[in-house]
Amino acid sequence: MRIPILAALAALLVLPFFAEPGAAQPILSQPLGAPSGEPSGAPLGELSPQPDSGIRIEWEVKNRFRLFRREADFQRHVRAARAGSILAAEHQLESAVGGRGWAQAILPYLCLNAAGALLETCERDGERESYLAPKNHLIAVRLAGPVPAGSTCNWSFDDGTIPPKQVNGACSDLVIQRVAYGKPTIAAVGITRSDNSVETISAEIQVRDLLIAGMGDSVAAGEGNPDKPIALADEGFCFQRFGGPARGEYFRPSRAGYEGDKSCELNPVGPPGGASGDWASKSALWMSPACHRSLYGYQLRTALALAIENRQLAVTFIPLACSGATIPAGILDSQGASDCPVTGRCSGTVPSQLSQLQDALSRARKQIPDRKLDLILLTVGANDIKFSGLVADVIITAGVERVLFKQGGLITSVQEAQTLLDRNLPQNFARLRAALKPLIGGDLSKVVYTSYGHPAMAGDEPCPGGRDGLDVHPSFNANGAALKQVTDFVMDRFLPKLVALARCERGVLCNNMESDRMTFVATHQDTFTQHGFCVHANDDPEFDRDCFSVEGKSFDSDPVSAATSPMVCSRRPSEFRPYASRARWIRTANDSYFTAMTFPRGLPSTMQPSNIHDATWGALSAVYGGAFHPSAEGHAVMADAALPAARDVLGLKAPPDVVTQPLPPLATTPAQ
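As a starting point, this report considers the structure included with it. (Residues numbered from 1 in each chain as written. Predicted model: local features only at pLDDT ≥ 70, side-chain atom pairs only at ≥ 80, totals over all residues. Heavy atoms only, no water.)

So, on to the pairing of strand S11 (residues 232–239). The element S11 is largely enclosed, with a buried count of six among its eight residues. The pairing of S11 with strand S12 (residues 250–255) spans five bridges and is classified as antiparallel. Residue Phe 237 lies in a different strand from S12, and its bridge partner there is Arg 252. (Buried < 20%, exposed > 50% of the residue type's maximum accessible area, 1.4 Å probe, protein only. Helix = DSSP H or I, 4+ residues; strand = E, 2+ residues; numbered from the N terminus. Pairing = 2+ DSSP bridges.)

What follows is about the packing of helix H3 (residues 86–96) against helix H16 (residues 632–650). Contact geometry for H3 and H16: axes closest at 7 Å, N-to-C directions at 150°. Relative to H16, the element H3 lies roughly antiparallel. From H3, Ile 86, Leu 87, Glu 90 and His 91 reach across to H16, where they touch Ala 632, Glu 633, Ala 636, Val 637, Ala 639, Asp 640 and Leu 643. Of the residues in the contact of H3 with H16, the class split is seven nonpolar, one polar and three charged. (Axes fitted to C-alpha atoms, helices over the stretch in contact; angles between N-to-C directions. Parallel < 35°, antiparallel > 145°, perpendicular 65-115°, else oblique. Contact = heavy atoms within 4.5 Å. Nonpolar A, V, L, I, M, F, W, Y, C, P; charged D, E, K, R; others polar.)

Spatial strand order, S6-S5-S8-S9: four strands in an open sheet with antiparallel pairing. Sheet topology places strand S6 (165–170) and strand S9 (198–205) at the edges, where each strand pairs with a single neighbour. Strand-to-strand twist in this sheet, taken as the mean axis angle between neighbours without regard to direction, amounts to 15°. Bridge analysis of strand S8 (residues 185–192) against S9 gives eight bridges, and the strand direction is antiparallel. Across the sheet, residue Thr 192 finds its bridge partner in S9, namely Val 198.

Looking now at the sheet that holds strand S4 (residues 136–144). Read from one edge of the open sheet, three strands run S1-S4-S7, paired in antiparallel fashion. Taken across any chain shown, the strands that pair with only one partner, and hence form the sheet edges, are strand S1 (56–61) and strand S7 (175–180). Strand-to-strand twist in this sheet, taken as the mean axis angle between neighbours without regard to direction, amounts to 35°. Where S4 meets S7, six bridges bridge the pair, whose relative direction is antiparallel. Across the sheet, residue Ile 139 finds its bridge partner in S7, namely Gln 177.

The subject of this paragraph is H16. An α-helix turns once every 3.6 residues. As a result, residues three or four positions apart point the same way. In a regular helix each residue adds 1.5 Å, so 19 residues correspond to 27 Å; H16 covers 26 Å between its end C-alpha atoms and thus fits that length. A bend of about 30° at Ala 642 is the largest found in H16, and the proline Pro 644 appears one to four places after it. Most of H16 sits out of view: 15 of its 19 residues are buried. Gly 651, located one to two residues past H16, shows a positive phi value of around 75°. (Expected span 1.5 Å × (residues − 1). Bend = angle between axes of the 7 residues up to and from the residue.)

Mapped onto the secondary structure, Ala 203 falls in strand S9. Look at Ala 203 and you get buried, because its relative accessible area is 16%. With 144 residues separating them along the chain, Ala 203 and Trp 59 place their C-alpha atoms 9.6 Å apart. Setting aside its immediate chain neighbours within four residues, Ala 203 contacts Ile 57, Thr 185, Ile 186 and Ala 187.

All right, on to the pairing of strand S10 (residues 208–216) then. Most of S10 sits inside the fold, with eight of its nine residues counted as buried. As judged from the seven bridges shared by S10 and strand S13 (residues 313–319), these two strands associate in the parallel manner. Directly across from Ile 212, in S13, lies its bridge partner Phe 317. Two elements, S10 and strand S16 (residues 375–379), share five bridges in a ladder whose sense is parallel. Paired with Ile 212 across the strands is Leu 375, a residue of S16.

The full count for this structure, using the stated rule, is seven disulfides. At a sulfur-sulfur separation of 2.1 Å, the disulfide partner of Cys 463 is Cys 534. In this structure the cystine formed by Cys 463 and Cys 534 twists about its S-S bond by roughly -85°; its chirality is therefore left-handed. Here the residue Cys 463 occupies a position in the loop between strand S19 (461–462) and helix H10 (480–503), and Cys 534 occupies one in the loop between helix H11 (525–528) and helix H12 (542–547), the gap between them amounting to 71 residues. The same class applies to Cys 463 and to Cys 534, which are both buried. Across a sulfur-sulfur distance of 2.0 Å, Cys 504 and Cys 510 are joined as a disulfide pair. The sign of the -90° torsion about the S-S bond sets the Cys 504-Cys 510 disulfide as left-handed. Assessed through its relative accessible area of 16%, Cys 510 is described here as buried. (Disulfide = S-S within 2.5 Å.)

A word on the packing of aromatic side chains. Here the structure, examined in full by the defined rule, presents 27 aromatic pairs. Ring centres 6.2 Å apart and planes at 65° place the aromatic pair Phe 237 and Tyr 258 in the edge-to-face group. Remark: Tyr 258 occurs in the loop between S12 and helix H5 (298–309) and Phe 237 occurs in strand S11; sequence separation between them is 21 residues. When its relative accessible area of 0% is taken as the criterion, Phe 237 is described as buried. The class of Tyr 258 is buried, set by a relative accessible area of 2%. The interplanar angle of 55° and the centroid separation of 6.1 Å between the aromatic rings of Phe 543 and Phe 594 together place this pair among those described as tilted. Taken together, the positions of Phe 543 in helix H12 and Phe 594 in helix H14 (residues 589–595) put the pair 51 residues apart, joining distant regions of the chain. Across from the ring centre of Tyr 131, 5.1 Å away, lies the NZ or CZ of Arg 66, which sits over that ring. Across from the ring centre of Phe 555, 4.2 Å away, lies the NZ or CZ of Arg 252, which sits over that ring. (Phe/Tyr/Trp six-rings, centres within 6.5 Å; stacked < 30°, edge-to-face > 60°. Lys NZ or Arg CZ within 6 Å of the ring centre and 35° of its normal.)

The subject of this paragraph is the environment of Cys 111. Turning to its location among the elements, Cys 111 is positioned in the loop between H3 and strand S2 (121–124). A residue is classified by how much of its surface remains accessible, and Cys 111, at 0% relative accessible area, is buried. As a C-alpha pair, Cys 111 and Arg 69 span 42 residues in sequence and 6.4 Å in three-dimensional space. Contact partners of Cys 111, with chain neighbours within four places excluded, come to Arg 66, Leu 67, Arg 69, Ala 117, Leu 118, Leu 119, Cys 122, Arg 124 and Tyr 131.

Take a look at the structure:
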């Protein structure tokens, strides 16, 4: 590589003591090996090649996943990535914390506020930065190769600013510097050996900062996997049945630390946080409470993996996906909020993902006019056909609950979903394509659409039905025939339709077939069929094997004894490990309750619970926090599928094979 003569001369000015006058070495991209002072014979401004001594400059970006405030958090994921895949890394991370969830230690240290919105300015490792428009990046530089023992180095970092930055020290030292965004920096180093001979080498450093947005629905957001899961009490909490007297009451584990009324006797009025005392303060925590957005979500894990495996770039991730989003209400327009933050203002609505992304790009371009969006990760469409209503139709048995849920619009038939699939979804997808295209430079191949994994398959057949994983609520019992009908609809019609819509295939008309096609990912779907919500294995967690009954007899039905000990098994509910490895990659209703136990907020007013013992809350607490959504393992598998497609779009190469190494034990105190 030819270095501009002015840059070479500027770097030489900082090396006068390395050699006698006239003996300074010219700066090349490769180290010199010619004798000191030997004339090159090259004309001014041109540098003659020299033999290669094998010494080279290596550099990498520090804390290059910019959503993380702390380098220590990023490095823990770097070490876990040595396991070879995102799924293997997930297993290592959870093994280190006993399945309790690695994300809760990182949650307070993100460039987000309590509501999950990006901070305008974020303090990262002691430096205040504009998140969307960084002025510089922190890098680490070192010499590699046969560096002479005991040699000293004089470094110069020249980005056109006079004078260049200088660092002196032992050649074995790691040099930490900040380099300017968007322009090259020439790193030059003079190496003085013990015999006072001097060698000078240089390299060009320029950080590529990828701007990546994550958009879509609950599967895109990470629903079912709160960053800090609920802490379970070992005693029971009373729920009422619809239209039932005292004999309709039943007990399930309570939230740990809740000191309010756990029985149904007083029936306090008002939602949690009011007459219910400190119930709300004991809730699960999310990266974004309103959207149930999580660090475990596949989109974040994909963006993080790109940062981990590419040492000379940074990733600025914009998380936007929101539980409950459809294309019209969620992406293109505002939607209702799923939940509220533990403290602070609770907004009932969430701005559209499109407007949030447009605002983020506008703010970034005020400081960096040519800042562009490099990639969009997208999963959406299930809510547009009311997939959650299909689930409710399968699992809620005949009775008062089914009647009321039907009246509330929370139950959908296959015929209704088919109508939405045929009429609404194609129109919505066309609107989505038109809205995203200008934001991504007119090329929708930069939108990586990752499809859904089927939640109810056990190999080649659908799950058989019954109460397995569903007995947390008395009215749940999957109808086998209905489950088969929904499975056929999903496999034969819904999933193929998504391919056609994203890829402009099978009769789907697009304005420009080349620029309107999204990059479609579905390589994980075959694997998911082996890990549906009904799949079990001998190495599942002991709590699951001992306490979650396949026959649906997990909970004590006697309201007297259940008030103090709600489980039939001899284990305590607090022994449940929400992020332990399991054969199922789909959250069951039992998992949802034991992991999130969410009081529903984003519902029509007619369906809102009147108090924390209300029958609506009892039913929805079992599903509203992520039942029939991928677990953290499922999201890791989705990220492993999305990652190669993201690399291809961005023009990045896959890293070389890695050697699996165990992750060291988690420190007892947060790393500073």
